[in-house]
Amino acid sequence: MQIATKRFAARPARYPDTVWPVWGLAWALLTAAAFVRLDTPAGMLHGQWSPGFVRLADFFTQFGLGGWYLIPSALLLVAANLTDWRSLSRRSLMLVYNWTCLAFLVLSAAGLSGLAVNLLKYAIGRARPLYFDDFGVLALHPFAFDARFAGFPSGHATTMGAVFGVALLLFPRRWYIALAITACIASTRVFVGAHYPSDTVAGFGLGCAFALACGLVFARLGFIFRPAARSGLPVRKKTFRLIGPATRVG
């Protein structure tokens, strides 16, 4: 935190020209398309999936819980705070530094997006597909503070979007693998009857946006990433390694 405070003060807030309006428009169009084409069929199909498929979806949907990512990250930060960094060798110091930065990134991306999605879902108050027969596909009860009306956006999908965003930044050449895994986990919320497809699309995009925004801030601070002028997305630094030797703290 001391390093971050000093770098915030010394480095001006100059972020690359990221095309946020284009990304936001694409996100809104995908959400709207899912609402128009998929939400009503998903509501009508609720309860008609085979029990075995639903059990499988229910198993994988648990990996969308934020605790899988927030708790280990928080524990890593606690362990780093309790570690005497001055007693470490240079190689060990670099590894601890990198793991601490990664934990801070995951905690920021998943935690901040999680707070945002909970505020949004209770403010919007959309009924879940479990109650499709009672309320229909677009029943809004703002600030009802009732789990029945906390459908849009999906919290699990938001977490998966944040995980995908972090993976995209760290492993840009393997983005399709990360997208396939996280999107599949996010989609299980539809099959267990907890969310409509548009809920998951909106949540996934929200989580991804928070992760990319955190990556831009980290690049400004010099943690994990360096700015990239062309693509607008941060690029992982060569010194960021979680296993093996590293040369210097950058």
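Keep in mind it's a predicted model, so treat the numbers as computed, not measured.

Rules used throughout
Residues numbered from 1 in each chain as written. Predicted model: local features only at pLDDT ≥ 70, side-chain atom pairs only at ≥ 80, totals over all residues. Heavy atoms only, no water. Helix = DSSP H or I, 4+ residues; strand = E, 2+ residues; numbered from the N terminus. Rg over C-alpha atoms; globule rule 2.2 N^0.38 Å. Buried < 20%, exposed > 50% of the residue type's maximum accessible area, 1.4 Å probe, protein only. Patch = residues over 30% accessible without salt bridge, like charges linked within 9 Å, V, L, I, M, F, W, Y side chains within 5 Å. Areas by Shrake-Rupley, 256 points an atom, 1.4 Å probe, with all protein chains shown as cover. Salt bridge = Lys/Arg side-chain N within 4 Å of Asp/Glu carboxyl O. Disulfide = S-S within 2.5 Å. UniProt positions renumbered as here; feature names shortened; annotations may be inferred. Core = buried A, V, L, I, M, F, W, Y, C linked by side-chain atoms within 4.5 Å. Contact = heavy atoms within 4.5 Å. Axes fitted to C-alpha atoms, helices over the stretch in contact; angles between N-to-C directions. Parallel < 35°, antiparallel > 145°, perpendicular 65-115°, else oblique. Left-handed = near helix turned anticlockwise from the far one by under 90°. Nonpolar A, V, L, I, M, F, W, Y, C, P; charged D, E, K, R; others polar.

Draft legend 1. Representation of the overall build of the chain. Within the chain, the regular secondary structure consists of 9 helices and 2 strands. Reading the chain from its N terminus to its C terminus gives the helix and strand order α-α-α-α-α-α-α-α-α-β-β. For 250 residues, the compact-globule estimate of 2.2 N^0.38 gives 18 Å, and the C-alpha radius of gyration of the chain, at 20 Å, lies within 12% of that figure. The principal-axis extents of the C-alpha atoms in the chain amount to approximately 60 × 35 × 35 Å. Taking all 250 residues of the chain together, the buried fraction comes to 42%.

Draft legend 2. How the structure looks around a nonpolar patch on the surface. Taken together, the side chains of Val19, Trp20, Val22 and Trp23 present a nonpolar region at the surface, about 340 Å² in accessible area. The topology assignment puts Trp23 in helix H2 (residues 20–45).

Draft legend 3. Geometry of the state of the cysteines. This model, assessed by the stated rule, comprises 0 disulfides. Free cysteine Cys184: the closest other cysteine sulfur is in Cys208, separated by 16 Å. A disulfide-free cysteine, Cys214 has its sulfur positioned 11 Å from the sulfur of Cys208, the nearest such atom. Classification of Cys214 as buried rests on a relative accessible area of 10%.

Draft legend 4. Fine view of the UniProt feature "domain: Phosphatidic acid phosphatase type 2/haloperoxidase" (unreviewed entry) in the chain. Using the residue numbers shown here, the UniProt feature "domain: Phosphatidic acid phosphatase type 2/haloperoxidase" (unreviewed entry) corresponds to residues 103–215. The span residues 103–215 shows a helical share of 69% and a strand share of 0%, and its end C-alpha atoms are spaced 13 Å apart.

Draft legend 5. Looking closely at the nonpolar core. The biggest cluster of nonpolar side chains holds 33 residues, and the ones touching the most others in it are Leu105, Val166, Leu170, Phe223, Ile224 and Phe225. Elements with a minimum of two residues in this core: helix H5 (90–124), helix H7 (155–170), helix H8 (175–191) and helix H9 (197–221). Looking at which element gives the most residues to this core, the answer is H7, with 9 residues. Leu170 has contacts with Leu102, Ile224, Phe225, Arg236 and Phe240, leaving out every residue within four places of it along the chain.

Draft legend 6. Region of the structure containing the environment of Ala123. Positionally, Ala123 belongs in helix H5. By relative accessible area, Ala123 is classed as partly exposed at 24%. Linking Ala123 and Phe145, residues 22 residues apart in sequence, is a C-alpha distance of 8.3 Å. With residues up to four places along the chain from it excluded, the contact list for Ala123 reads Pro142 and Phe143.

Draft legend 7. Up close: the packing of H7 against H9. Here H7 crosses H9 at 40°, and the two axes come no closer than 6 Å. Classed by the angle they form, the pair H7 and H9 counts as oblique. Considering the relative orientation of H7 and H9, their crossing is right-handed. The residues of H9 that touch H7, namely those facing Ala157, Thr158, Met160, Gly161, Ala162, Phe164, Gly165, Val166, Leu168 and Leu169, are Thr200, Gly203, Phe204, Leu206, Gly207, Cys208, Ala211, Leu212 and Gly215. Residue composition of the contact of H7 with H9, grouped by class: 12 nonpolar, 7 polar and no charged.

Draft legend 8. The arrangement of the UniProt feature "transmembrane region" (unreviewed entry) in the chain in detail. Sequence positions flagged by UniProt for "transmembrane region" (unreviewed entry) are, in local numbering, residues 20–39, 59–83, 95–120, 150–171, 176–196 and 202–223. Along residues 59–83 one finds 76% helix and 0% strand; the C-alpha atoms at either end are 36 Å apart. Measuring from the first to the last C-alpha atom of residues 202–223 gives 29 Å, for a span that is 91% helix and 0% strand.

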